[in-house]
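Chain by chain, the residues:
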Amino acid sequence: MPETVLEARHVNLNLAGKPVLEDVSLAIEHGHFMGIVGPNGAGKSSLLSLMIGANVASSGEMRLFGQTLSARSRGRLLNRVGYLHQLRGHQEHLPMRVENVVAMGLRRWRLPLWQQVGCESAIAEALEQVGMLDLRRRDFRQLSGGQVQRVRLARALVHQPELLLLDEPAAALDARHQQQLYVLLRRLCDDHRMSIIMVEHDIAAISSHVDSVACLNQRIHFHAMKGEQIPQDVWYSMYGKQMHVIAHDAGCIGCSHEDAA
Amino acid sequence: MLGSFFSSPVIQDALLPATLISLVTASMSVMIIAHRLSFLTVGVSHASLAGLGLAVTLSLPLLPTATVIACVLAVLLAWIPKSEGLSEDTGTGLLFAGSMALGIVLLSRVSQSEVNLFGLLFGDILTISPDEYRWLLLIAAVIMILLLVFARRWWSIAFDPVTAFASGLAVAPLRILLYATVGMTVMMCVKLAGIVLTTGMLVLPAATAWFWGRSLVGLWLMSMVVGLLGTYIGLYVAYQEDWPSGATVVLMMCVLFIISWGISWLKKQQEKKQSAPAS
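Please read these numbers as outputs of a predicted model, since none were measured by experiment. (Residues numbered from 1 in each chain as written. Chains lettered and ligands numbered in written order. Predicted model: local features only at pLDDT ≥ 70, side-chain atom pairs only at ≥ 80, totals over all residues. Heavy atoms only, no water.)

Caption draft 1: Summary view of the overall build of chain B. Counting its regular elements, chain B contains 11 helices and 0 strands. For chain B, the N- to C-terminal ordering of α and β elements is α-α-α-α-α-α-α-α-α-α-α. In terms of C-alpha radius of gyration, chain B reaches 20 Å, essentially the compact-globule figure of 19 Å for 279 residues. Looking at the 279 residues of chain B, the share that counts as buried comes to 53%. Pairs at least 24 residues apart make up 77% of the contacts formed inside chain B by residues separated by at least 6 positions. Looking at chain B, you have 13 positive and 12 negative side-chain charges, and the mean spots of the two groups are 15 Å apart. (Helix = DSSP H or I, 4+ residues; strand = E, 2+ residues; numbered from the N terminus. Rg over C-alpha atoms; globule rule 2.2 N^0.38 Å. Buried < 20%, exposed > 50% of the residue type's maximum accessible area, 1.4 Å probe, protein only. Contact = heavy atoms within 4.5 Å. Lys, Arg positive; Asp, Glu negative; His and termini not counted. Charge placed at Lys NZ, Arg CZ, Asp CG, Glu CD.)

Caption draft 2: Inspection of the interface of chain A and chain B at higher detail. Between chain A and chain B, the residue contacts involve 36 residues of the former and 28 residues of the latter. Our count for the contact surface shared by chain A and chain B stands at 1 salt bridge. Note that Asp 139 of chain A and Arg 214 of chain B form a salt bridge whose closest N and O atoms lie 3.5 Å from each other. Mapped by element, the contributors of at least two residues to the side of chain A that touches chain B are helix H2 (74–77), helix H3 (98–103) and helix H5 (145–157) of chain A. Class assignment for the residues of the side of chain A that touches chain B results in 16 nonpolar, 10 polar and 10 charged. (Salt bridge = Lys/Arg side-chain N within 4 Å of Asp/Glu carboxyl O. Nonpolar A, V, L, I, M, F, W, Y, C, P; charged D, E, K, R; others polar.)

Caption draft 3: Looking closely at the sheet that holds strand E9 (residues 212–217) of chain A. All names here are of chain A. Taken together, the 6 strands give an open sheet; going across it, the order is E6-E7-E8-E3-E9-E10, and neighbouring strands pair in mixed fashion. Bordering the open sheet on either side are strand E6 (81–84) and strand E10 (219–225), each of which pairs with just one other strand. Ignoring which end each strand starts from, the neighbouring axes of this sheet average 15 degrees apart. For E9 and E10, the ladder comprises 6 bridges, and the chain directions are antiparallel. Across the sheet, Leu 216 pairs through a bridge with Ile 220, a residue of E10. Of the strands in this sheet, strand E3 (33–37), E9 and E10 are in contact with helix H8 (residues 232–239), which crosses E9 at around 40 degrees. (Pairing = 2+ DSSP bridges. Axes fitted to C-alpha atoms, helices over the stretch in contact; angles between N-to-C directions.)

Caption draft 4: Quick peek at the nonpolar core. Ranked by internal contacts, the top residues of the largest apolar core, which has 136 residues, are Leu 185 and Met 198 of chain A together with Trp 155 of chain B. Among the elements that line this core, the one with the most residues is helix H9 (residues 171–210) of chain B, at 23 residues. Trp 155 of chain B has contacts with Leu 94, Pro 95, Met 96, Met 104 and Trp 109 of chain A together with Val 30, Met 31, Ala 34, Trp 210, Leu 216 and Leu 219 of chain B, leaving out every residue within four places of it along the chain. Core analysis: the next-biggest nonpolar cluster, separate from the first, contains 33 residues, Leu 6, Leu 13, Ile 52 and Ala 214 of chain A among them. (Core = buried A, V, L, I, M, F, W, Y, C linked by side-chain atoms within 4.5 Å.)

Caption draft 5: Region of interest: helix H4 (residues 120–129) of chain A. Residues and elements named next belong to chain A. Along H4, the residues that are buried comprise Ile 123, Ala 124, Ala 126 and Leu 127. In an axial view of H4, the angular spread of the buried residues amounts to 165 degrees, which keeps them on one side of the axis. Turned more than 90 degrees from where H4 packs its buried face, Ser 121 and Glu 128 sit exposed. Residues of H4 that are buried sit in contact with H3 and H5. A positive phi of about 70 degrees marks Gly 131, the residue just after H4. (Arc of directions from axis to C-beta.)

Caption draft 6: Fine view of the confidence of the model for chain B. For chain B, the mean per-residue pLDDT works out to 87, and 95% of the residues sit at or above 70. By mean pLDDT, helix H6 (residues 117–122) of chain B is the weakest element of chain B at 74, and helix H10 (residues 216–241) of chain B is the strongest at 94. (pLDDT = per-residue confidence, 0-100.)

In structure tokens, the structure reads:
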């Protein structure tokens, strides 16, 4: 049986006295690409923040690489994790070149200033993967929103994490770069055995790339594997009765094959 | 003219400590701007009045006592606002007013000869005692070592605290250490620039370099050049014109800032002009 990279065991999270997550259990193995979808305020980002120890579960357990995530163990365990959070109205003010931003993702960046960071080839490779190598010397503050997002992804990738946690990574990207992003993530799972958990609210965009989709709204309503159908009542209980489910094709998770045109 | 400047015994005594202080404050100013802590330096520098007041009242050694109190207050400011739901801005404002008031009350009860209030407020590098100089050396060494060891981590937290935390960095302890270091730097700087002008020395060097820096190290080096230049020109003008030294140094840094800003503005205009016909 393949090793479990991340496991949530009956996790509950209350914030300011209100339940945000209820009895969430998840497990992800090496090379698995999981999408988490759900409406706004469903607790998707809170779940990711539990996975890096930024929030502490009210009850239940979060395990990374077979060990419990705690204030003590997180420094060591998170060395093997890459994380991309949502930027909300963030205005960058530190003067930095693109390649230096990526270098910050390296663990050698924590060395005292008299020691060189080096690792030029790892930085170049990460920038190449997101198609930003040409702009490596550019001032990070002058980039467009989509370029910023791609450089941030390169920063999350540069230390070759075993687990990648992404919170709406495609938010600032146009359709072409969105596709490129999903293809890249798929390749990282297949070729490098990287595990990815990606939060998105648009299931249609990701369903043909991921291995499974977890439907989250405070609790996990359904966890569909590739080719599996998500029942209509799951959609209704997550998003309300007024939504219409539009089916795509047979390769698409969550769609009913018979309904497909 | 320069010859008489350097041969003057007052300047000879002041030159080394002034160089030390300006190098350290210019280095720290990079972190202070990156973390947007300029108001913290205002708060802590004014709080040092309470520290000095306490030291005089309890007849403890002045600078060490004031330095410890400044560090404690800076660290409290990192802690209290978060746990009580206040903004850091509010906390600093409270501390600023409260400790200044305490300091004035305490110092009003001691005789003029014990504390040179004018020197405290506006800086007095020209009357530095050997004891104070040794203390400055020690503090400067501690600050520079902390900076060299933690600069990259502090920079990374300033850049994106969430990602820094997610990579496993102990963000909260590192931030507390930074605040304590700012506290130390402020106390060190009070000797040269005084309480009122300390923020100038802790903000202006990096602010002047900010237009040109493209990396942490580049910014740091440029900031040190600005700090040294401002200090030397300031001391020279103060000596020539018999102006107060701290104020003159800060004034010269302001001039350097305006020049740097102007050149950067002109350069941008030129770039606009060059790109206009092409588009």
